[in-house]
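If you want the building blocks of each chain, they are given just below.
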Amino acid sequence: QVQLVESGGGLVQAGGSLRLSCAASPRTFSSFAVGWFRQALGKERELVSAISWSGGFTPYAASVKGRFTISRDNAKNTVYLQMNSLKPEDTAVYYCAATPPGITIPTLGVNYDYWGQGTQVTVSS
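No experiment lies behind these values; they were computed from the predicted model shown.

**Student:** Before we go on, may I ask you to explain the environment of Leu 86 in this structure?
**Tutor:** With respect to the helices and strands, Leu 86 occurs in the loop between strand E7 (78-83) and strand E8 (92-98). If we skip the residues at most four places from it in the chain, Leu 86 touches Val 12, Ala 14, Gly 15, Gly 16, Ser 17, Leu 18, Arg 67, Phe 68 and Val 123.

**Student:** So what exactly am I meant to see when it comes to the sheet that holds strand E3 (residues 18-25) here?
**Tutor:** Sheet strands pair via backbone hydrogen bonds, and the direction of the pair is either parallel or antiparallel. Read from one edge of the open sheet, four strands run E1-E3-E7-E6, paired in antiparallel fashion. Two strands bound the open sheet, and with one partner strand each, they are strand E1 (3-7) and strand E6 (68-73). Direction aside, neighbouring strands of the sheet carry axes that sit 15° apart on average. By the bridge criterion, six bridges tie E3 to E7 in an arrangement that is antiparallel. The residue bridging Leu 18 from the neighbouring strand is Met 83, located in E7.

**Student:** Before we go on, may I ask you to explain the packing of aromatic side chains in this structure?
**Tutor:** For any pair of aromatic rings, the description consists of the separation of the ring centres together with the inter-plane angle of the planes. What the rule picks out here adds up to four aromatic pairs. Aromatic side chains Phe 37 and Tyr 112 sit 5.1 Å apart centroid to centroid with 80° between the ring planes, which places their arrangement in the edge-to-face category. Residue Phe 37 is found in strand E4 (residues 34-39), and its partner Tyr 112 is found in the loop between E8 and strand E9 (114-115); the two are separated by 75 residues along the sequence. Residues Tyr 112 and Trp 115 carry aromatic rings whose centres are separated by 6.5 Å and whose planes lie at 70° to one another, so their mutual orientation is edge-to-face. On the basis of relative accessibility, which here comes to 12%, the residue Tyr 112 falls in the buried class. An aromatic cluster of three or more residues is present, and its members are Phe 37, Tyr 112 and Trp 115.

Quick notes on the rules
Residues numbered from 1 in each chain as written. Predicted model: local features only at pLDDT ≥ 70, side-chain atom pairs only at ≥ 80, totals over all residues. Heavy atoms only, no water. Helix = DSSP H or I, 4+ residues; strand = E, 2+ residues; numbered from the N terminus. Contact = heavy atoms within 4.5 Å. Pairing = 2+ DSSP bridges. Axes fitted to C-alpha atoms, helices over the stretch in contact; angles between N-to-C directions. Phe/Tyr/Trp six-rings, centres within 6.5 Å; stacked < 30°, edge-to-face > 60°. Buried < 20%, exposed > 50% of the residue type's maximum accessible area, 1.4 Å probe, protein only.

Structure, rendered in structure tokens:
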């Protein structure tokens, strides 16, 4: 079983920044696409951003565009989500997820078969 571990969450004031990391073990991120999702209390899980295997395709949800940046380092099997100018509505549990081998482009509706345990991000007003 592929293990994905998120880290970097915490409590921050509005306007602050956090960087989330998603580490894969074993070395499974190469040739995978990766997505960052979040789920707030009582709300549906939503895609925040995703990144292709090459790193060249990085779609973002409109609500985070210009504030969040996704990146990856395949040599380290790690994907990052830099979150700036955080708002209270960003409060959620954030999850990273990976596609099956051979699925390199995070197109709409792509399946994510591997999920991390989530990391809590809380933004105070």
